[in-house]
Amino acid sequence: MPRYKNPQYQKMYDAMLALAEDKASEMYHEGEPRRGAGHRAAFWDGYSGKFDFTGPKRSAHVIPGTPSAVCFMAGREFARRQRQAEKAAAK
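These figures come from a predicted structure and were not determined experimentally. (Residues numbered from 1 in each chain as written. Predicted model: local features only at pLDDT ≥ 70, side-chain atom pairs only at ≥ 80, totals over all residues. Heavy atoms only, no water.)

Draft legend 1. The arrangement of the overall build of the protein in detail. Secondary structure summary: the protein contains 3 helices and 2 strands in total. Helices and strands appear in the protein in the N-to-C order α-β-β-α-α. In terms of overall dimensions, the protein is globule-like: its C-alpha atoms have a radius of gyration of 13 Å, near the 12 Å expected for 91 residues. Seen along its three principal axes, the alpha-carbon backbone of the protein occupies a region of about 40 × 30 × 25 Å. Burial statistics for the protein: of 91 residues in total, 32% are counted as buried. In the protein, 44% of the contacts between residues at least 6 apart in sequence involve partners at least 24 apart. (Helix = DSSP H or I, 4+ residues; strand = E, 2+ residues; numbered from the N terminus. Rg over C-alpha atoms; globule rule 2.2 N^0.38 Å. Buried < 20%, exposed > 50% of the residue type's maximum accessible area, 1.4 Å probe, protein only. Contact = heavy atoms within 4.5 Å.)

Rendered as structure tokens:
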């Protein structure tokens, strides 16, 4: 089920998740997260779990209702999927 009604946002969300799966993509440099652009910074802020979408712990790289917010939410989803995979592998 799509997360976004806006097809462009859904395409970006899916693309960010696909890029994060590929360690040779622009999301990584020598296997480590690369944050050098706004979309990557927003993604990794979402992934880290250290930031909120709004409020005092809001990421400076995220503006609600923009593509940066889509990247942030994709980062959260990627972290959730990795945690699920780790739990499944531990069983």
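That shown, we press on.
Draft legend 2. Here's a closer look at helix H1 (residues 7–21). With 15 residues, H1 extends 21 Å from end C-alpha to end C-alpha; this agrees with the ideal 21 Å at 1.5 Å per step. Within H1, burial applies to Gln10, Tyr13, Met16, Leu17 and Ala20. The buried residues of H1 occupy an angular sector of 125 degrees when projected down its axis, which confines them to one face. Opposite its buried face, H1 presents the exposed residues Pro7, Gln8 and Lys11, each directed more than 90 degrees away. The secondary structure elements touched by the buried residues of H1 are strand S1 (28–29), helix H2 (38–48) and helix H3 (67–90). A side-chain oxygen of the first residue of H1 lies 2.8 Å from the backbone nitrogen of Gln8; this N-cap is Asn6. (Expected span 1.5 Å × (residues − 1). Arc of directions from axis to C-beta. Polar contact = N/O pair within 3.5 Å; in protein donor to acceptor, adjacent residues only side chain to side chain.)

On their own, these measurements won't tell you what the molecule is for.
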